[in-house]
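# Inside the fold
Each chain is listed here by its residues.
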Amino acid sequence: MLFAVQPLVQSEFHINKTQVGYLTSAFLICYMIAAPFVGPLADRYSRKLIISLGAIFWSGLTLLTAVTHTYTELLVRHTLVGVGEATFVTIAPTFVADLFAENKRGRILGVFYLAIPVGSAAGYLLGGHLAPLHGWRFPFYIAAAPGFLIAVAVLFLKEPRRGQFDTLKQTPERASIFGLARNPAFLTATLGMAMMTFSLGGIQVWMPQFLFSERHYSLEAANFAFGIIVVVDGILASLLGGWLGDYLLPRFKSSYYLVSAVGMALGVPFMIVALFVPGRLMIPAIALAAFFLLFNTSPLNAAVINSVGANIRATAIAMNIFIIHSLGDVPSPTMMGWVADHRSLQAAFILPVIAMVLSAIVLFYGMRFAPEVAQNQPAQAHAG
């Protein structure tokens, strides 16, 4: 939602692009610092209770956006949202993973991670439509409401037994927090995801602004175009990436890494066309570049989840979150804003392209470390 209205925020508060980018960076710094504290709690206590409390905190702060009147107030409010988001993003994937066998998690996480493109697109579309009519604060009333409902609904879920379908043998690298530093399957998946996050984070923050200021779209048209791309690509790419990773797993134990690496590599030429070839090819190129970026969401998360044992899974995801954001979308919006202020926004988009190349290289290298997942597993477990 904030990405959709940021030109209006920038105009009202008289701030530069670096300061706009720092709103997202500050939020992500708080988010990544909170995650390592939430992860160990989730490995010991009720996951659904932590998720519910976090959703209430998250949504309450979102609602407060309607009464922010200075850049500092907005910065503080947006930063603290990271605490609420950390509770869900750290814990929910472990909850879902414990309901399904290891060789089905790619496609299941593909469904789960539809939340990202659908939610992002809703923010772009609602923000882009409502803000010009009612002011940039109004859309945040809409954005806050679902979180309060989710907080109540989660309390009625039953928690699955941790690791009830895991078959991979426990090793020191898979079973302990300190072992993560010696776990190449975890490290390469995480570093590849960090570079993907750098690219995706920068594109999400600055692409509507790029269409608005560099390609002369109206604010509503820029958000509509990019919102449609995100939701359509996100649904198709998340489902297809997860399914393809699972489909190839019996043939290649490294399929989650392979699918992700190839996706990142294929996205690079389309991103270059999107930036430097205005006209009819631009929007299709943006759509294809975003598709290949989002193609990695499900298989990469499945790779991280399968790289560690159930007893430290929430902690491992918390560490994954800390690393991917500290190297990824914490610095990227601010770095791109700085380049845009000193050169141009078009020049700033070179940074995500470089990150996509690095991600592909790391993930191709990580294929050799993928664990061997048993194939004759039941498809689904029951919560208990």
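See the structure printed just above.
Residues numbered from 1 in each chain as written. Predicted model: local features only at pLDDT ≥ 70, side-chain atom pairs only at ≥ 80, totals over all residues. Heavy atoms only, no water.

## A word on the pattern of salt bridges
This structure, assessed with the given rule, holds five salt bridges. A salt bridge links R137 to E12, with the shortest nitrogen-to-oxygen separation between them at 2.8 Å. With R137 in the loop between α6 (115-134) and α7 (139-154) and E12 in helix α1 (residues 2-13), this pair connects stretches of sequence that are 125 residues apart. Taking relative accessible area as the criterion, R137 reaches 16% and is therefore assigned buried. (Salt bridge = Lys/Arg side-chain N within 4 Å of Asp/Glu carboxyl O. Helix = DSSP H or I, 4+ residues; strand = E, 2+ residues; numbered from the N terminus. Buried < 20%, exposed > 50% of the residue type's maximum accessible area, 1.4 Å probe, protein only.)

## Quick word on a nonpolar patch on the surface
The grouping of I272, F276, V277, L281, I350, I354, V357, L358 and I361 at the surface amounts to a nonpolar patch, some 740 Å² of accessible area in total. Those elements that place two or more of their residues in the nonpolar patch are α11 (255-276) and α17 (350-366). Ranked by the residues each element gives to the nonpolar patch, the list is headed by α17, at five residues. Relative to the helices and strands, F276 is located in helix α11. (Patch = residues over 30% accessible without salt bridge, like charges linked within 9 Å, V, L, I, M, F, W, Y side chains within 5 Å. Areas by Shrake-Rupley, 256 points an atom, 1.4 Å probe, with all protein chains shown as cover.)

## A short note on the packing of aromatic side chains
Overall, the coordinates contain 12 aromatic pairs when judged by the stated rule. With 5.1 Å between their ring centres and 15 degrees between their planes, W243 and Y247 make a pair best called stacked. Of the two residues, W243 and Y247 are both situated in helix α10 (residues 219-248); the distance of four residues between them amounts to about one turn of the helix. For the ring pair Y365 and F369, a centre distance of 5.4 Å and an interplane angle of 70 degrees mean the geometry is edge-to-face. On the accessibility criterion, F369 (27% relative accessible area) is partly exposed. Three or more aromatic residues link up through ring pairs in this structure, and these residues are F270, F291, F292 and F295. (Phe/Tyr/Trp six-rings, centres within 6.5 Å; stacked < 30°, edge-to-face > 60°.)

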